[in-house]
Amino acid sequence: MTTTQVAPAPPGTGTDRPAVAVRGLVKRYGGRAVLDGLDLDVRRGECFALLGPNGAGKTTAIEILEGVRRRDAGEVLVLGEDPSLAGRGWRDRVGVVSQGEGAGQALSVRETLDHFARYHARARSTEDLLAAVGLQESAGSRVGRLSGGQRRRLAVALGVQGRPELLFLDEPTTGMDPVARRQFWELIRGLRADGTTVLLTTHYLDEAAELADRVGVVAGGRLVEVAPPEELGAALRRETTVSWLEGGARRSVRTQAPAAVLRDLLAVQAEIPGLSVTRPGLEDVYLRLVGATPTTSEGALR
Amino acid sequence: MTALHATPAEPRGLERLRWAVADAVAAAGRDVAHWRRQPAAVLVAALFPVLLLLMFTYLLGGGMVVPGGGDYRDFLVPGMLALAMVFGVEATMTAVVTDTARGITDRFRSLPMAPSAVVAGRCLADLAGSVVGLAVLLAAALAVGWRPGGLVPALAAVGLLLLLRLAFLWMGIYLGLLARDPSMVVAVQILVWPFAFLSNAFVAASSMPGWLATIAEWNPVAGTVTAVRELFGAPVGTGGGWATEHALLLAVAWPVLLTGVFAVLSVRRFQGLSR
């Protein structure tokens, strides 16, 4: 157990050692490259969200960083160590919330937390954990009787039990109801206030926008873009979609100069029925980054 | 781990061993806690060999003749004790498959604990469970009138039985890591039966056709069965070959060999989980 806790660097310096540094990460399954040269940096104290479609390699990447899966090529340093060689002291500094629940069915929530506390050098108290994830009322229930959302809460509690410096969360809120998700977000904000670095994967863009300092979009085994959520896909965001009805059918044009499009339209007609002028949201940007929506060709009007 | 990667916080030498033992005991404690929550399942597993003992003693035993003479019940009890150890392969395999399927194995691998603790804990818990199972079966045997020859040989017999359990425990760990799907356990549960009957557990090998007798005599269970019969002062059945005459040697050699092979395979398979 190291006692030298690296303080989160003031924003913008970037000179401290990153919590996670990945260069050219490659992982193949039966000749197919799931990860194909992934580069990733997570700074100390930040919350980084990995976004990407199913099968993009998010879970594989996070498992390699956790040290439970081997890589085929590339350099990986997590908290300054290679996860595939790291030992007990390193594992105690890292928290893991994987997609599986990772707990037996017959024990109660409280018994499960008490049991896993025994492996950590400085475990959080079971009562604190139950309160933090909102499982006090289910403390005596067997794990096998919990709902899907309650199981995710237990998984989160087990992940943060050892007071990790770095927390990995693989789709932590899948199956949680909106109240539980907000409670989870509060928990993560509290951990971050204590200086915990968080790396999470999620399908929920609002979650990424809510929690993450930076978002990385994974597609085709690589990181295709990294930016703060509000700046993600800056070039794409400048494109405005102008949409209107023409002869009963909806037409739309994507443009960086919506005013010009409107002028052209108004030149031929006095009224523009069903007009809407929209800027892309995070979801639109994300879908276009991972190539899930076809781009309508510009100039359809002219 | 080389000194290059070791941090000052990394436990070394004796300290490391102490941690590994503590982790294994903790992991075993989890299994024991689960059993305490599921007493019915534990009871059924412990009573199944008792049921077999009663069936073979009272339903089939009347028609059984031990070559060379002797009471069939006394002949049967050591066979049933050994088979109870063999049946343990299913319990171990089920536990390992379930832990893998529920992500518990992966959780252990991400926790600050000795990598050996997962399998070592499994070993400790299942051996403890087998001690309870043996006690239940021995109590049932005493209840139907069976008596061991003496205390010290009886303890030696229990030692041989637990050694056999250890071999099938490692086989169960390996099969469990191999299976990845709880339905595979059923296949093993079925295959255990021909394996059990193709031995000297229920009848003397010498009563079988020649080539079958040889297979039955060399069955990994057979050495233990014969050696335990000798230690309990039970009839052994005459007409055995070299394997029967050197039963004690085989009762040690077979389990040691199987344990070695399946321990190596299991450790490899366990390390292969990270691929």
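Fair warning: this is a prediction, and the values are worked out from it, not measured in the lab.

1. Considering the sheet that holds strand β7 (residues 197–202) of chain A
Residues and elements named next belong to chain A.
Working step 1: Read from one edge to the other, the open sheet built from six strands follows the order β5-β6-β7-β3-β8-β9, with strand pairing classed as mixed. The open sheet terminates on both sides in strands that have one partner only, identified here as β5 (94–97) and β9 (222–227). Here the strands of the sheet are splayed against their neighbours by 15° on average, with no regard to which way each runs.
Working step 2: Looking at chain direction, strand β6 (residues 166–170) and β7 are connected through five bridges and run parallel. Across the sheet, residue Asp 170 finds its bridge partner in β7, namely Thr 201.
Working step 3: Lying over the sheet, helix α5 (residues 148–160) contacts β5 and β6, oriented at roughly 170° with respect to β5.

2. Quick notes on the interface of chain A and chain B
Working step 1: Between chain A and chain B, the contact holds 33 residues from the first and 31 residues from the second.
Working step 2: A buried area of about 3100 Å², summed over both sides, lies between chain A and chain B, and 54% of it is on carbon and sulfur atoms.
Working step 3: By the criterion of area lost to chain B, the three top residues of chain A are Arg 70, Arg 88 and Tyr 119 of chain A, representing 24% of everything that side buries.
Working step 4: Run the count over chain A and chain B and you get eight residue pairs in polar contact (both at pLDDT 80 or more).
Working step 5: Those elements that place two or more of their residues in the side of chain A that touches chain B are β1 (20–29), α2 (88–91), α3 (109–117) and α5 of chain A.
Working step 6: In the side of chain A that touches chain B, the residues fall into 13 nonpolar, nine polar and eleven charged.

3. Observations concerning the packing of aromatic side chains
Residue and element names in this part refer to chain B.
Working step 1: This model, assessed by the stated rule, comprises 15 aromatic pairs over all chains.
Working step 2: Aromatic side chains Phe 48 and Phe 87 sit 5.8 Å apart centroid to centroid with 55° between the ring planes, which places their arrangement in the tilted category. You can see Phe 48 sitting in helix α2 (residues 39–60) and its partner Phe 87 sitting in helix α3 (residues 72–101), a full 39 residues away along the chain.
Working step 3: Look at Phe 48 and you get partly exposed, because its relative accessible area is 34%.
Working step 4: Given a relative accessible area of 10%, Phe 87 falls into the buried group.
Working step 5: Judged by centre distance (6.0 Å) and plane angle (85°), the ring pair of Phe 48 and Trp 193 falls under edge-to-face. Of this pair, Phe 48 sits in helix α2 while Trp 193 is found in helix α7 (residues 184–197), placing the two residues 145 residues apart along the sequence.
Working step 6: Under the relative-accessibility criterion, Trp 193 is labelled partly exposed at 26%.

4. Quick look at empty space enclosed by the protein
Residue and element names in this part refer to chain B.
Working step 1: In the structure shown here, the tally under the stated rule is six cavities of 30 Å³ or more.
Working step 2: Looking at the largest cavity, its volume works out to about 140 Å³.
Working step 3: If you trace the largest cavity, you find 15 residues lining it, with Val 96, Asp 99, Thr 105, Val 118 and Arg 122 closest to the centre.
Working step 4: Looking at the lining of the largest cavity, the elements that each hand over two or more residues are α1 (13–37), α3, α4 (104–110), α5 (117–143) and α6 (151–179).
Working step 5: If you tally residues by element for the lining of the largest cavity, the top one is α5, at four residues.
Working step 6: When the residues that make up the lining of the largest cavity are grouped by side-chain class, the tally is eight nonpolar, three polar and four charged.

5. Here's the deal with the sheet that holds strand β4 (residues 73–78) of chain A
Residues and elements named next belong to chain A.
Working step 1: Pairing is antiparallel in the open sheet, where three strands are placed in the order β2-β1-β4. Every other strand in the sheet has two partners, leaving β2 (32–42) and β4 as the edge strands with one partner each. Within the sheet, the average angular offset between the axes of one strand and its neighbour, ignoring direction, is 25°.
Working step 2: The pairing of β1 with β4 spans five bridges and is classified as antiparallel. By the bridge assignment, Val 22 is partnered in β4 with Val 76.

6. What to know about the pairing of strand β11 (residues 249–255) of chain A
Strand residues, when the strand is regular, have side chains that alternate between the two faces of the sheet.
Residue and element names in this part refer to chain A.
Working step 1: Strand direction decides the pairing type here: strand β10 (residues 240–246) and β11, joined by seven bridges, are antiparallel. By the bridge assignment for β11, Ser 243 is matched with Ser 252.
Working step 2: In this antiparallel pair of consecutive strands, β10 and β11, the connection spans two residues, and Gly 247 shows a positive phi of 60°.

7. Observations concerning the layout of surface pockets
Residue and element names in this part refer to chain B.
Working step 1: Put simply, the largest pocket is a space of about 1200 Å³.
Working step 2: As for the largest pocket, its lining consists of 39 residues, and the residues nearest its centre are Trp 35, Ala 41, Val 42, Ala 45 and Ala 91.
Working step 3: Counting only elements with at least two residues in the lining of the largest pocket, the list comes to α1, α2, α3 and α5.
Working step 4: Ranked by residues supplied to the lining of the largest pocket, first place goes to α3 with ten residues.

8. Description of α1 of chain B
Working step 1: The end-to-end C-alpha distance of α1 of chain B, which contains 25 residues, comes to 37 Å, matching closely the 36 Å that a straight helix rising 1.5 Å per residue would cover.
Working step 2: Of all the positions in α1 of chain B, only Ala 20, Asp 23, Ala 24, Ala 26, Ala 27, Ala 28, Arg 30, Asp 31 and His 34 of chain B are classed as buried.
Working step 3: Looking at the buried side of α1 of chain B, the elements it contacts are α2 and α3 of chain A together with α3, α4 and α5 of chain B.

Basis of the calculations
Residues numbered from 1 in each chain as written. Chains lettered and ligands numbered in written order. Predicted model: local features only at pLDDT ≥ 70, side-chain atom pairs only at ≥ 80, totals over all residues. Heavy atoms only, no water. Pairing = 2+ DSSP bridges. Helix = DSSP H or I, 4+ residues; strand = E, 2+ residues; numbered from the N terminus. Axes fitted to C-alpha atoms, helices over the stretch in contact; angles between N-to-C directions. Contact = heavy atoms within 4.5 Å. Buried area = accessible area lost by both parts, 1.4 Å probe. Polar contact = N/O pair within 3.5 Å; in protein donor to acceptor, adjacent residues only side chain to side chain. Nonpolar A, V, L, I, M, F, W, Y, C, P; charged D, E, K, R; others polar. Phe/Tyr/Trp six-rings, centres within 6.5 Å; stacked < 30°, edge-to-face > 60°. Buried < 20%, exposed > 50% of the residue type's maximum accessible area, 1.4 Å probe, protein only. 1 Å grid on protein atoms, 1.4 Å probe; cavity = no way out; pocket = protein on both sides within 12 Å on 5 of 7 lines; lining within 4 Å. Points joined across faces, edges and corners; volume = space filled by probe spheres on them. Expected span 1.5 Å × (residues − 1).

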